[in-house]
Amino acid sequence: MPQTPRPDNALDRLIFDLKQLPGIGEKTATRLAHFILRQPEFFAESLSESLLAARHNLHTCSQCCTFSEDPTCPICSNPQRSNDIICVVEEPSDMVAFEKARSFSGKYHVLHGALSPLDGIDERRLKIQELQKRIQLGGVQEVILATNPTVEGDTTALYIARLIKYNGLKVSRIAHGIPVGSEIEYLDGATLGKALQNRVSM
């Protein structure tokens, strides 16, 4: 499918670029563009500087694959976090949500998405091989699959479970007290805490 060319008009081009962000449609992109244009010029300069700085300075953590300015993120480098249990999430924002719940003391692994053949996202686009390598290093006793309770999230969890369930490794799925179709990053801490506590083996 051919890509839509960027408009020549400056305002239309700004709206077009904002629409590339997830969850942003035509109306929201238009409102954001008008908001930016109403601000003092330094606001746009500061925003563009922040975007470029984040793009240049943030990289994936060498262990869990979340975004980090250091080679290893603060959670992975924390000696007080347990190494024998890994919670697998779709996005870095999901990891932040679980941290706010304060119900998990292990480490994470961020996939950066979920399997979605219709969108052209297969296992090669996700950080699944990196997860396998972490497990093969030894020391991991349980992997909690905390992907979203959506068709894509469930498919991803099942695929990973079949891939890594060997040598006595415990593989579990977060409990479905989480509403089906919802996204983890928007759930409250109490709900996420209960989902972790009541996880089920796969």
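Before going into details, it helps to say that this report is about the structure given with it. All of these numbers come straight from a predicted model, not from anything done at the bench. (Residues numbered from 1 in each chain as written. Predicted model: local features only at pLDDT ≥ 70, side-chain atom pairs only at ≥ 80, totals over all residues. Heavy atoms only, no water.)

**Looking at the nonpolar core**
- Membership of the largest hydrophobic core comes to 21 residues, with the highest contact counts inside it found for Cys-87, Val-89, Phe-98, Phe-104, Tyr-108 and Leu-196.
- Of all elements in the fold, only strand 3 (85-89), helix 4 (92-101), strand 4 (107-110) and helix 7 (189-197) reach the threshold of two or more residues within this core.
- It is helix 4 that contributes the most residues to this core, four residues altogether.
- Discounting residues that sit within four places of it in the chain, Phe-104 has contacts with Arg-81, Ile-85, Ile-86, Cys-87, Glu-99, Ile-144 and Leu-196. (Core = buried A, V, L, I, M, F, W, Y, C linked by side-chain atoms within 4.5 Å. Buried < 20%, exposed > 50% of the residue type's maximum accessible area, 1.4 Å probe, protein only. Helix = DSSP H or I, 4+ residues; strand = E, 2+ residues; numbered from the N terminus. Contact = heavy atoms within 4.5 Å.)

**Examining the packing of helix 5 (residues 128-136) against helix 6 (residues 151-164)**
- For the pair helix 5 and helix 6, interaxial distance at closest approach is 11 Å and the crossing angle is 35 degrees. Crossing handedness for the pair helix 5 and helix 6: right-handed. The segment helix 5 lies against helix 6, with Ile-128, Leu-131, Gln-132 and Ile-135 engaging Tyr-159, Ile-160, Leu-163 and Ile-164.
- Split into classes, the residues belonging to the contact of helix 5 with helix 6 amount to seven nonpolar, one polar and no charged. (Axes fitted to C-alpha atoms, helices over the stretch in contact; angles between N-to-C directions. Left-handed = near helix turned anticlockwise from the far one by under 90°. Nonpolar A, V, L, I, M, F, W, Y, C, P; charged D, E, K, R; others polar.)

**Topic: helix 5**
- All of the buried residues along helix 5 are Ile-128, Leu-131, Arg-134 and Ile-135. Taken around the axis of helix 5, the buried residues stretch over an arc of 115 degrees, which confines them to a single face. Along helix 5, the residues that are exposed and aim more than 90 degrees away from the buried face are Gln-129, Lys-133 and Gln-136.
- Close packing links the buried residues of helix 5 with strand 3, strand 4, strand 5 (142-145) and helix 6.
- Residue Gly-138 follows helix 5 closely and has a positive phi angle near 90 degrees. (Arc of directions from axis to C-beta.)

**Quick look at unusual backbone geometry**
- Its identity as a non-glycine residue notwithstanding, Arg-102 has a phi of 55 degrees, on the positive side.
- Following the sequence through the fold, Arg-102 ends up in the loop between helix 4 and strand 4.
- If you check the backbone angles, His-112 has positive phi at about 65 degrees while not being a glycine.
- Along the polypeptide, His-112 turns up in the loop between strand 4 and helix 5.
- For His-112, a relative accessible area of 22% gives the class partly exposed.

**Re the pattern of salt bridges**
- This structure, assessed with the given rule, holds five salt bridges.
- Here Arg-173 makes a salt bridge to Asp-154, at a shortest N to O gap of 2.7 Å. One end of the pair, Arg-173, is in strand 6 (residues 170-173); the other, Asp-154, is in helix 6, and 19 residues separate them in sequence.
- The exposure class assigned to Arg-173 is buried, which follows from its relative accessible area of 6%. (Salt bridge = Lys/Arg side-chain N within 4 Å of Asp/Glu carboxyl O.)

**A closer look at the environment of Gly-153**
- Considering the arrangement of structural elements, one finds Gly-153 in helix 6.
- Setting aside chain neighbours within four positions, we find Gly-153 in contact with Glu-90, Ala-114, Thr-147, Asn-148 and Arg-173.

**Things to note about the side chain of Arg-81**
- Along the polypeptide, Arg-81 turns up in the loop between strand 2 (67-68) and strand 3.
- On the accessibility criterion, Arg-81 (12% relative accessible area) is buried.
- Looking at Arg-81, its side chain comes within polar contact range of the main-chain oxygen of Ser-105, at 3.4 Å.
- If we ignore the near neighbours within four places in the chain, the residues touching Arg-81 are Ile-75, Glu-99, Phe-104, Ser-105, Gly-106, Lys-107 and Tyr-108. (Polar contact = N/O pair within 3.5 Å; in protein donor to acceptor, adjacent residues only side chain to side chain.)

**A short note on the side chain of Glu-90**
- Here Glu-90 shows up in the loop between strand 3 and helix 4.
- One buried charged side chain, Glu-90, makes no salt bridge at all; its nearest oppositely charged neighbour is Arg-173, positioned 6.5 Å away.
- The residues touching Glu-90, leaving out its near neighbours within four places in the chain, are Val-110, Leu-111, His-112, Gly-113, Ala-114, Thr-147, Asn-148 and Gly-153. (Lys, Arg positive; Asp, Glu negative; His and termini not counted.)

**Re the packing of aromatic side chains**
- Scanning the entire structure with this criterion turns up two aromatic pairs.
- Ring geometry for Phe-35 and Phe-43: centres 5.8 Å apart, planes at 85 degrees, overall edge-to-face.
- Among the residues examined, Phe-35 registers a relative accessible area of 37% and is labelled partly exposed.
- Looking at Phe-43, the relative accessible area reads 30%, which means it is partly exposed. (Phe/Tyr/Trp six-rings, centres within 6.5 Å; stacked < 30°, edge-to-face > 60°.)

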